[in-house]
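Architecture and fold: a report
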Amino acid sequence: VFIITDGTSYKILPSAKDYKRIGEGDTGLNTGGMGAISPVPFADRFYIEKVEREIIKPTIEGLKKDNINYKGFIFFGLINVNGQPKVIEYNVRMGDPETEAVIPRIKSDLLNLFKGIDDGTFSEKDLNISNEFASTVMLVSNGYPQSYKIGKKITRIEEVTDSIIFHAGTKKEDCIKTNGGRVLALTSFGETHEDALKKSFDSAERISFEGKYYSKAYS
C-alpha cells in the first residue's frame, strides 16, 4: 500500500502486489521484481480501511509526534497474516515494478498533487483512480538475477499496441539493445485481472531479443 502525504493529510494510492521469484510457482531466486498487479485481489475496501486505521493513521501521527515533517511517498510493505495486515518494511519511495502498475491507474494529474504539497492545497486536491485492473510483466535477460549478457538487439517493440512499455535496462545505439537484467516492463489494463495479464503476455510474446524470459506466475 502506498500513500502520498504533505505531512498532515494523506491520500491512499492504488494497492499493488509484486512477484519476486524468478521461477514459476513462486520458486527460484529472488529478483528486483518480475512483475506486479494492481489492485491486490484480496485487498478489498474493508481490508484497505483496516490498513488505514491500524497502520497508515498511526504512522502519520507518529511522524508528527516525533516532529518529522515528512512530505512525499510512503511505501508500506505488508504481509497478510490470516486476514491481518502486518508491516514488514517502510520505504520513502515508490516500489518497482509496483510503480508501473500503480501510477498508470491514477487518473488525476500527479504533478498537481505535488504542487498541492508545495503550496499548502494538497488536502483540497482530488485523487481519481481507474477501476480497471493493471498488470505489469517484466522482460528480463537470460541468467538474471545472476550473470547475464547485454547488448542484445530488441525488435518488434513497434508491434505492441495494447501495453505501455517502460524501458528499464535498455540503451539506444543504431537500434535498441538490452543493457541490464530487467529489460522492459509491460503494463496493460483490463476489466479483470486475467484480461490485463493476457494483454501483457501477448505483448511479451511480440517483443523479441536473444535470451528473453518472463514469468507467467501472477496468481
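Residues numbered from 1 in each chain as written. Predicted model: local features only at pLDDT ≥ 70, side-chain atom pairs only at ≥ 80, totals over all residues. Heavy atoms only, no water.

Counting through the fold element by element, Asp 6 comes out in the loop between β1 (2-5) and β2 (10-12). One buried charge, Asp 6, has no salt-bridge partner; the nearest side chain with opposite charge is Lys 71, at 7.4 Å. Looking at Asp 6, its side chain comes within polar contact range of the main-chain nitrogen of Thr 8, at 2.9 Å. Here Ser 9 takes part through its backbone nitrogen, which lies 2.7 Å from a polar atom of the side chain of Asp 6. Here Asp 6 is in contact with Asn 69, Tyr 70, Lys 71, Ile 117, Phe 122 and Ser 123, once residues within four sequence places are set aside. (Helix = DSSP H or I, 4+ residues; strand = E, 2+ residues; numbered from the N terminus. Buried < 20%, exposed > 50% of the residue type's maximum accessible area, 1.4 Å probe, protein only. Lys, Arg positive; Asp, Glu negative; His and termini not counted. Salt bridge = Lys/Arg side-chain N within 4 Å of Asp/Glu carboxyl O. Polar contact = N/O pair within 3.5 Å; in protein donor to acceptor, adjacent residues only side chain to side chain. Contact = heavy atoms within 4.5 Å.)

Within the structure shown, the criterion is met by 10 salt bridges. Ionic pairing is found between Lys 64 and Glu 61, a salt bridge with its closest N-O pair at 3.2 Å. Taken together, the positions of Lys 64 and Glu 61, both in helix α1 (residues 45-65) and 3 residues apart, correspond to about one turn of that helix. Look at Lys 64 and you get partly exposed, because its relative accessible area is 34%. Salt-bridge contacts for Glu 173 lead to Lys 171; the nearest nitrogen and oxygen are separated by 3.5 Å.

Strand order in the open sheet formed by 4 strands is β2-β1-β5-β6, and the pairing between neighbours is antiparallel. Here the strands that pair on one side only, and so sit at the sheet edges, are β2 and β6 (84-91). In this sheet, neighbouring strand axes are inclined to one another by 30° on average, regardless of whether the strands run parallel or antiparallel. In the sheet, strand β5 (residues 72-81) pairs with β6 via 7 bridges, with the strands oriented antiparallel. Looking across to β6, one finds that Asn 80 is bridged to Pro 85. Of the strands in this sheet, β1, β2, β5 and β6 are in contact with α1, which crosses β6 at around 40°. (Pairing = 2+ DSSP bridges. Axes fitted to C-alpha atoms, helices over the stretch in contact; angles between N-to-C directions.)

Here we come to helix α4 (residues 193-206). Its 14 residues give α4 an end-to-end C-alpha distance of 20 Å, which sits within 8% of 20 Å, the value for a rise of 1.5 Å per residue. Where α4 is concerned, the buried positions are His 193, Ala 196, Leu 197, Ser 200, Phe 201, Ser 203 and Ala 204. The buried residues of α4 occupy one face: seen down the axis, they fall within an arc of 160°. Summarising the geometry of α4, the exposed residues directed more than 90 degrees from the buried face are Glu 194 and Lys 198. Summarising the contacts, the buried residues of α4 are in contact with β4 (27-38), β7 (133-141), β11 (182-190) and β12 (212-213). (Expected span 1.5 Å × (residues − 1). Arc of directions from axis to C-beta.)

Applying the stated rule across the entire model yields 6 aromatic pairs. For the pair Phe 2 and Phe 75, a centre-to-centre distance of 5.3 Å together with 75° between the ring planes defines the contact as edge-to-face. Within this pair, whereas Phe 2 is found in strand β1, its partner Phe 75 is found in strand β5, the two being separated by 73 residues in sequence. Each of the two residues, Phe 2 as well as Phe 75, counts as buried. The ring of Phe 122 carries the charged tip of Lys 11 above its face, separated from the ring centre by 5.0 Å. Stacked on the ring of Phe 46, the Lys or Arg Arg 45 has its end atom at 4.4 Å from the ring centre. (Phe/Tyr/Trp six-rings, centres within 6.5 Å; stacked < 30°, edge-to-face > 60°. Lys NZ or Arg CZ within 6 Å of the ring centre and 35° of its normal.)

The analysis is restricted to geometry; functional conclusions fall outside its scope.
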